[in-house]
Amino acid sequence: MTKRYVVRPETAVLTRGFDPKLSVGAARPAVFRSSTYVFSSPESAARAFDIALGRAKPAPEESVDLIYSRLSHPNAEILEDQIVPLERDAKEAAVFNSGMAAISSIFLTFCPPGSGVVHTTPLYGGTQLFLDAMMTPLGARFVVADAGDGKALAAAIARTPGLKLVFLESPANPTLRMTDIAAVVEAASAHAERPLVVVDNTFLGPAFQHPLTLGVDLVVYSATKYLNGFSDLLGGVVLAKDRELITQLRSTRALLGNILQPDECWLLNTRLPTVSLRMNRQSKNAQRIAEALNGHPALERVIYPTLFTDPDQVRIRDAQCDYPGGIVTLEIKGGRHGAFAFLRRLRIAHNAVSLGGVESLACHPRTTTHSEMSPEQLDHAGISEGMVRLSIGIENWHDLLADFKAGLEGL
Ligand SMILES: *Cc1c(COP(=O)(O)O)cnc(C)c1O
């Protein structure tokens, strides 16, 4: 056991959860690629299985033998310990081999057949497809409310019987519409069945938005995005205040075999100390670019939190986001033709889906990330033909702005 000091998150992420003595003195963790672990005694093996299968609870400070890497392994344990201080109020984390693995495991764990589920729309495309393709056949009943529509969300929560889970994405992708998380928590706590409230915090967390402090039960991430930040691995994380919720998720993970593998854990671990540095730089760059492009003659609109004009959206932004973040959405004049011409001309930002990496990316949501939605759904959600989503990286912002201006020239 290493001695635990009470330190701030930027320090804790470098000092918690890793004991060099267990890695032959190495200053950074080793990668433990073993699939199975040698027990210290047959009694310890039996004890480890009792705990893994929930027949016994570990005593405080008890060191329990590892069993098999589908259940857990040292690199997952180190990563889970080190990621906790990055999420305000979190006590425990579980890592998965993608954001979708984390999201699907949440629904499979907490929504038994026939459950009611309330969620905001639009949702990340993969999440929406998972709900339609996998949860609907399991008898889940969905009640949907537009992102940012607090009244509709409260009404949906109040009138859904058997409600087990409320799933929010804020800000929504790619429209950046924000949902009042605290208000949803309040509506959910007034419901007789006390549904879990889950926030997909991929766009603004862990640096700029802290849902657990607002009373949310689970925060989920695609760690593929900002947490990792280099567009070179897939990962997912779930964090909670209540350790028991994470224990239940780990049981699902052991059955599905969707734990993050040791090499990926190690890589993600090396990226954690710079999450806040990268996100701050990305947010500063994005704000300068969004504000400089605002009013450009080739643009209908620039969507960015500091440019919000709707008083309710301004209120939510000020209440729950520390900084505006690295995503800028442009609405280019000339519809799809204008958007595609812009994408073809970019020289620094690449035309690719995904976001949150140190390199800037641009994509056309209507024909790619959100193409599973019907034209009516797309129009309703405000995902127009001229819309381009920019994920701003850590390049020099003057160069990026020049690239975007050149892309818009004469459109
Ligand atoms: C990318 C993303 C996901 C899915 O994560 P993967 O790591 O690609 O499985 C979920 N939610 C949001 C908001 C995302 O951007």
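Refer to the structure above for everything that follows.
So, unusual backbone geometry
Note the cis peptide between Asn173 and Pro174, where omega equals 0°. For Pro174, the position within the fold is in the loop between strand E4 (163-169) and helix H7 (181-190). Of note, the bond from Gly205 into Pro206 is cis; its omega dihedral lies within 30 degrees of zero at -5°. In the Ramachandran plot, Glu61 falls in the positive-phi region, its phi being about 70° despite a non-glycine side chain. The residue Glu61 is located in the loop between helix H2 (42-52) and helix H3 (74-83) in this model. Glu61 gets classed as exposed once you look at its relative accessible area, which sits at 63%. Located in the positive-phi region is Ser354, a residue other than glycine, with phi close to 80°.

Some points on the sheet that holds strand E10 (residues 350-351)
Note: strands within a sheet are paired through backbone hydrogen bonds, in either parallel or antiparallel orientation. A sheet is described by the order of its strands in space; here five strands give the open sequence E8-E9-E12-E11-E10, paired in mixed fashion. Every other strand in the sheet has two partners, leaving strand E8 (299-303) and E10 as the edge strands with one partner each. Summarising the sheet, strand E11 (residues 361-363) and strand E12 (residues 387-391) pair through three bridges and their orientation is antiparallel. Paired with Ala362 across the strands is Leu390, a residue of E12. The strands that helix H12 (residues 335-345) touches are strand E9 (327-332), E10, E11 and E12; relative to E9, the one it contacts most, it runs at about 130°.

Here we look at a nonpolar patch on the surface
Side chains of Leu108, Leu138, Leu255 and Leu256 sit close together on the surface and give an oily, nonpolar patch of about 390 Å² of accessible area. Looking at the element boundaries, Leu256 is found in helix H8 (residues 243-256).

As for the packing of aromatic side chains
Tallying each qualifying case throughout the model produces four aromatic pairs. Summarising the aromatic geometry, the rings of Phe208 and Tyr323 are spaced 5.4 Å apart at their centres and angled 55° between planes, so their arrangement reads as tilted. Placement of Phe208 in the loop between strand E5 (196-200) and strand E6 (218-222) and of Tyr323 in the loop between helix H11 (311-320) and E9 is noted, with a sequence separation of 115 residues between them. Relative accessible area serves as the criterion here: at 2%, Phe208 is assigned to the buried category. Here Tyr323 falls in the partly exposed class, since its relative accessible area comes to 48%. Joined through ring pairs, the aromatic side chains of Phe107, Phe130 and Phe167 make up one cluster. One cation-aromatic arrangement involves Arg253 over Phe96; the distance from NZ or CZ to the ring centre is 5.9 Å.

Quick word on the sheet that holds E6
Pairing in this open sheet of seven strands is mixed, and the strands run E1-E7-E6-E5-E4-E2-E3 from one edge to the other. Of all the strands in the sheet, the pair left with one neighbour each is strand E1 (92-96) and strand E3 (141-146). Taken over all neighbouring pairs, the strand axes of this sheet differ in orientation by 20° on average, direction set aside. The pairing of strand E2 (residues 116-121) with E3 spans six bridges and is parallel. Looking at E3, one finds that His119 is bridged to Val144.

Section: the pairing of E9
Burial analysis of E9 places six of its six residues in the buried class, the great majority of the element. Here E9 shows a buried face lined by Ile327, Thr329 and Glu331 and a second buried face lined by Val328, Leu330 and Ile332. Looking at chain direction, E8 and E9 are connected through four bridges and run antiparallel. In the sheet register, Leu299 faces E9, and the bridge partner there is Ile332. Judged from the five bridges that link them, E9 and E12 form a sheet pairing that is antiparallel. Each residue of the ladder has a partner; that of Val328, found in E12, is Leu390.

Conventions adopted
- Residues numbered from 1 in each chain as written.
- Predicted model: local features only at pLDDT ≥ 70, side-chain atom pairs only at ≥ 80, totals over all residues.
- Heavy atoms only, no water.
- Helix = DSSP H or I, 4+ residues; strand = E, 2+ residues; numbered from the N terminus.
- Buried < 20%, exposed > 50% of the residue type's maximum accessible area, 1.4 Å probe, protein only.
- Pairing = 2+ DSSP bridges.
- Contact = heavy atoms within 4.5 Å.
- Axes fitted to C-alpha atoms, helices over the stretch in contact; angles between N-to-C directions.
- Patch = residues over 30% accessible without salt bridge, like charges linked within 9 Å, V, L, I, M, F, W, Y side chains within 5 Å.
- Areas by Shrake-Rupley, 256 points an atom, 1.4 Å probe, with all protein chains shown as cover.
- Salt bridge = Lys/Arg side-chain N within 4 Å of Asp/Glu carboxyl O.
- Phe/Tyr/Trp six-rings, centres within 6.5 Å; stacked < 30°, edge-to-face > 60°.
- Lys NZ or Arg CZ within 6 Å of the ring centre and 35° of its normal.

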